[in-house]
Amino acid sequence: MSKPDQGEMTIGELAERTGMTVRNIRAHQTRGLLPPPVVHGRTGYYNDEHVARIELTRELQAEGLNLEAIRRMGESVNGAAEEVHNLTRSLRVPFEEETPEIVDMIELAELWKKEVEEGRGFEMLERGEKLGTIRSLPDGKVEVISPRMMNAAAALADVGMSPDAVLEVAEKLRRKADEIALLFTDLFLEQVWKPFDEAGRPDERWPAMTEAVEQLRPLASEALNATFRLTLTAEIEKAFGEVLERRKKKG
């Protein structure tokens, strides 16, 4: 009778390691979410590949994927669960850590004082939620998902720009940002992922895919910031030059 390899575990040991019940592990296997165990004698043994699949399934469920979608994803990666696990983790890691803040509604009311007085406070809150910068909470408080953006909005208001105008620019900026993000995503898919996919997604190249994903966002941000600084400087100089020229002609 052959013996299990080192690192292999029984279904009970797998359940203990992952915190799942034996029944749920068997259900996952029936659904095609887990590959079958290696059988030695009459006993099935599991390994780290099964652990990685269970962890990946949990994380993807937390992201809102249903079990059928997760099953299809598992089939598409040719059993490379650990590699795709690392890749999907890289995709979901926050680009830059920014801790959300919980504030009282009155703080936003102070920021939107004029709009609140005009009865447009709810409208402003709704627009902020659509932008993804704030979220209403059941207790009447507000979660500021991006304090950085909220602080920028407050600072712009301090220099004389109305919150309504700032929010309108933020909405336009979000649409432009979506377009720019799509440009970099398409570039990655065409230049990096497509050759990898056409090569049959070889196991030895999965780490390079994960590294490429991790590098994409900071490199894209650096390129965008550099371009924006140059463009903003040029536009400001141009606009002020035109204003001064018109004033000179009037004088």
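One can find the structure itself at the top, above this paragraph.
Student: So what about the packing of aromatic side chains? Which residues, and what values?
Tutor: Each aromatic ring pair is described using two quantities: the centre-to-centre distance and the angle formed by the ring planes. Taken as a whole and judged by the stated rule, the model has three aromatic pairs. Ring geometry for Trp193 versus Phe196: centroids 5.2 Å apart, planes at 65 degrees, classification edge-to-face. Pair noted here: Trp193 and Phe196 are both in helix H10 (residues 163-198), with a separation of three residues, about one helical turn. When sorted by exposure, Trp193 lands in the same class as Phe196, which is buried. Taking the centre distance of 6.1 Å and the plane angle of 65 degrees together, the rings of Trp193 and Trp206 count as edge-to-face. Taken as a pair, Trp193 in helix H10 and Trp206 in helix H11 (residues 206-250) lie far apart in primary sequence, 13 residues in all. Under the relative-accessibility criterion, Trp206 is labelled buried at 1%.

Student: I'd love a proper account of H10, names of residues and values included.
Tutor: Each turn of an α-helix holds 3.6 residues, which means side chains three or four residues apart point in the same direction. Spanning 36 residues, H10 covers 49 Å between terminal C-alpha atoms, matching the ideal 52 Å at 1.5 Å per step. Taken as a whole, H10 carries its principal kink of about 35 degrees at Leu189. Buried residues of H10: Pro163, Val166, Leu167, Ala170, Phe188, Trp193 and Phe196, and no others. Of the residues trailing H10, Gly200 is marked for its positive phi of about 90 degrees.

Conventions and cut-offs
Residues numbered from 1 in each chain as written. Predicted model: local features only at pLDDT ≥ 70, side-chain atom pairs only at ≥ 80, totals over all residues. Heavy atoms only, no water. Phe/Tyr/Trp six-rings, centres within 6.5 Å; stacked < 30°, edge-to-face > 60°. Helix = DSSP H or I, 4+ residues; strand = E, 2+ residues; numbered from the N terminus. Buried < 20%, exposed > 50% of the residue type's maximum accessible area, 1.4 Å probe, protein only. Expected span 1.5 Å × (residues − 1). Bend = angle between axes of the 7 residues up to and from the residue.

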